[in-house]
Amino acid sequence: MEENKTMDRRSFIERLGGLGLAGAAAAAFPWVEACSPAANKEVAREKARIGMIGPGSRGYFHLENMKQIPQAEVVALCDIYEPNLQHASELYPEAKLYRDYRKMLEDPNVDCVVITTPLFRHFQMAMDAMDAGKNVFCEKAMAYTIDECYQMYMKHLQTGKILFIGQQRLFDPKYLKAMSGVLAGNYGPVVNVRNYWFRNGDWRRDVPSPELERHINWRLYREYSRGLMTELACHQIQNGTWATGMLPSQVMGSGSIIYWKDGREVFDNVACIYTFPNGVNMTFESVISNAHWGMGEQILCKDAMVDLPGSRVYLEEPPRKSGIESLIAEIEEGIFSNSAFAGTSFSAENGSKDKGIAIMPEADGDGSVEIMQAFCNACITGKMPDKVLEEAYYGSVFSLLGDEALLQQKTLSLDEKYYLPTYKGRNGA
Ligand SMILES: NC(=O)c1ccc[n+]([C@@H]2O[C@H](COP(=O)([O-])OP(=O)(O)OC[C@H]3O[C@@H](n4cnc5c(N)ncnc54)[C@H](O)[C@@H]3O)[C@@H](O)[C@H]2O)c1
């Protein structure tokens, strides 16, 4: 059964090679090469010996995925919360167990660590791990502050250690395929980027006893979390920098606790506008007390709208319908239209009813296996894939800047000192 899963996954990864990521697209996504069939073949007989710090919800998900990755060998697990440590240990009974991550970093059997602890722990754990000579996969968002993100990036440069951040959309074939069409200019210039994430729920987890409230529900408290901006926005903010090739020159917004007034400290309602140097706006909106619109990531170009998670493109001028389709559409329209002699003085612009064209109909998964495969391969070869960390860095840094703008109720720009050396001039020059 497990072998079948591995084979399915392999053919899925092979589909990446079939995306036609040549020329401009291949140059735009150089990191994808790290989990290509050729890269997997290069390391086929070797293992990345992994120690995981914080096998909670996301960590356990990665541990399950690692069963599909032939190069992943889980040798150690560390958690301060015993139930999660024991749960993970059932999946990998041979792994050595630790309750203090510093002790795990002393283990010579561990080549690389996967950090899936709450946000406020990422920085120190990642810095200590790189200082201890370990390669690091750290979940998003990268760290709690912009300065910490920068220090982590510099530590990676100084130590030469591999550093991945869990922005799995960078390895999601449907995002890559859609983005390659945008970057090739197939749909005209990008005129707007629209991101939203709507849910209807309190974002709480069950707590077995009251003293564990902050440990389990860390996302709701400012000391540990930056709320919706680091938990959700950071995946979506990267779409704008990716699609436009630029970095936002400013961000403004508003946030509040509008419904879940239950002692939480992070906003349950946020709206941010990021503006790129050419004037293009990117929005991020999130409300967790109405789920009607669900989750959306849309690149609006002059000639089409590209729906990234839906993997569809909606042309501004859709191809002509067949005769029978037109007739059905006309009958449907006729039933609901106003009578000819009593027209309304105003009718809402409802936008296009076009059903769109599938970009990648057979897409499955979300890139989480591929990013972990790429990390394992990079740990084995010692080669850091180009640009993958820079993309992730800006996703985190601009979500943190957004949260600062909400807190300070000001329009903010990223301090020049946080532009990475490799990306000078990318902000529209
Ligand atoms: N990429 C994605 O799509 C995605 C999805 C979900 C979560 N995440 C990220 O993963 C991270 C973890 O989120 P989660 O939902 O799994 O949280 P979680 O609370 O379920 O898991 C965190 C784990 O870390 C452990 N931990 C806390 N402090 C520790 C310490 N000092 N030493 C060792 N272990 C410690 C906890 O006991 C827990 O087991 C967050 O950064 C989150 O943003 C990413």
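Rules used throughout
- Residues numbered from 1 in each chain as written.
- Predicted model: local features only at pLDDT ≥ 70, side-chain atom pairs only at ≥ 80, totals over all residues.
- Helix = DSSP H or I, 4+ residues; strand = E, 2+ residues; numbered from the N terminus.
- Buried ≥ 20, exposed ≤ 12 C-beta atoms within 10 Å, placed from the backbone.
- Contact = placed C-beta atoms within 7 Å.
- Core = buried A, V, L, I, M, F, W, Y, C linked by C-beta atoms within 7 Å.
- Domains from an automatic or database assignment.
- Axes fitted to C-alpha atoms, helices over the stretch in contact; angles between N-to-C directions.
- Parallel < 35°, antiparallel > 145°, perpendicular 65-115°, else oblique.
- Nonpolar A, V, L, I, M, F, W, Y, C, P; charged D, E, K, R; others polar.
- Near = placed C-beta within 6 Å.
- Pairing = 2+ DSSP bridges.
- Expected span 1.5 Å × (residues − 1).
- Left-handed = near helix turned anticlockwise from the far one by under 90°.

Visitor: Where do I start with the overall build of the protein chain in this structure?
Guide: Check the secondary structure of the protein chain and you find 14 helices and 14 strands. Going through the 429 residues of the protein chain one by one, you find that 42% of them count as buried. Within the protein chain, contacts between residues separated by at least 24 positions form 74% of all contacts whose residues are at least 6 apart in sequence.

Visitor: Hey, could you run me through the nonpolar core in this one?
Guide: Nonpolar side chains tend to gather and get buried jointly when the protein is soluble and globular. One finds V136, V306 and F375 to be the most contacted residues of the largest nonpolar core, which totals 114 residues. No other element matches helix 14 (residues 388-408), which puts eleven residues into this core. When we break this core down by domain, the ones giving at least three residues each are domain 1 (2-169 + 366-388) and domain 2 (171-319 + 352-362 + 392-399). Those residues in contact with V136 that sit more than four places away from it in its chain are C112, V113, I115, A126, A129, M130, K161, I162 and L163.

Visitor: Is there a simple way to think about the packing of helix 7 (residues 119-131) against helix 8 (residues 146-159) in this case?
Guide: Axis angle and axis distance: for two packed helices, these are the angle between their axes and the distance between the axes, and together they describe the pair. Relative to each other, helix 7 and helix 8 sit at 10°, their axes nearing to 10 Å. Put simply, helix 7 runs roughly parallel to helix 8. Contacts between helix 7 and helix 8 involve F123, A126, M127 and M130 from the first element and E148, Q151, M152, K155, H156 and T159 from the second. Classifying every residue of the contact of helix 7 with helix 8 by side-chain character gives five nonpolar, three polar and two charged.

Visitor: Help me out: how do you make sense of the site of the ligand in this one?
Guide: Lining the immediate surroundings of the ligand are 23 residues, of which G54, G56, S57, R58 and Y81 lie closest. Of all the secondary-structure elements, those providing two or more residues to the shell around the ligand are helix 4 (57-66) and helix 7. Here the shell around the ligand gets three residues from one element, more than from any other, and that element is helix 4. Of the residues that constitute the shell around the ligand, the class distribution is eight nonpolar, nine polar and six charged.

Visitor: Mind showing me how you'd approach the sheet that holds strand 10 (residues 281-287) here?
Guide: Strand pairing in a sheet relies on backbone hydrogen bonds, with the paired strands running either antiparallel or parallel. The strand order across the open sheet built from eight strands is 8-9-10-7-11-12-13-14, with neighbouring strands paired in mixed fashion. Each end of this open sheet is capped by a strand with a single partner; those strands are strand 8 (250-256) and strand 14 (357-358). With seven bridges connecting them, strand 9 (residues 269-275) and strand 10 associate as antiparallel partners. The partner of C272 across the bridge, within strand 10, is F284. The strands that helix 11 (residues 228-244) touches are strand 7 (190-198), strand 9, strand 10 and strand 11 (295-301); relative to strand 7, the one it contacts most, it runs at about 165°. The sheet strands contacting helix 14 are strand 8, strand 9 and strand 10, and the helix crosses strand 8 at an angle near 60°.

Visitor: Please explain helix 13 (residues 368-381) as it appears in this structure.
Guide: The periodicity of an α-helix, 3.6 residues per turn, causes residues three or four positions apart to be oriented the same way. For helix 13, which comprises 14 residues, the first-to-last C-alpha distance of 20 Å matches the rise-based estimate of 20 Å (1.5 Å per residue) to within 8%. Taken as a whole, helix 13 has its buried residues at V369, E370, I371, M372, Q373, A374, F375, C376, N377, A378, C379 and I380. The first or second residue beyond helix 13 is G382, which carries a positive phi of 75°.

Visitor: Where do I start with the sheet that holds strand 5 (residues 135-138) in this structure?
Guide: Strand order across the open sheet formed by six strands is 3-2-1-4-5-6, with parallel pairing between neighbours. Since the sheet does not close on itself, it has two edges, and those belong to strand 3 (96-98) and strand 6 (163-165), each with one partner. Averaged over all neighbouring strand pairs, the angle between strand axes comes to 25°, with direction disregarded. When strand 4 (residues 112-115) meets strand 5, the two strands line up parallel, connected through four bridges. Bridging across to strand 5, C112 finds its partner in N135. Against the sheet, helix 13 contacts strand 1 (48-53), strand 2 (72-78), strand 4, strand 5 and strand 6, and its axis sits at roughly 125° relative to strand 1.

Visitor: Would you mind showing me how to read unusual backbone geometry here?
Guide: Both trends apply: most residues other than glycine have a negative phi, and most peptide bonds are in trans. In this chain, K140 is followed by A141 through a cis amide linkage whose omega measures -15°. Checked against the element boundaries, A141 lands in the loop between strand 5 and helix 8. Even without a glycine there, the phi angle at S311 is positive, about 50°. For S311, the position within the fold is in the loop between strand 12 (304-307) and strand 13 (312-315). Backbone geometry places Q409, a non-glycine residue, at a positive phi of 55°. Note on placement: Q409 falls in the segment after helix 14.

Visitor: Is there a simple way to think about the packing of helix 8 against helix 14 in this case?
Guide: Two elements in contact, helix 8 and helix 14, have axes separated by 9 Å at closest approach and are oriented at 165°. Taken together, the axes of helix 8 and helix 14 are roughly antiparallel relative to one another. In this structure, helix 8 crosses over helix 14, and the sense of that crossing is left-handed. Together, I146, C149, Y153 and H156 of helix 8 and L389, Y393, S396, V397, L400 and L401 of helix 14 make up the contact between the two elements. Tallied by class, residues from the contact of helix 8 with helix 14 come to eight nonpolar, two polar and no charged.

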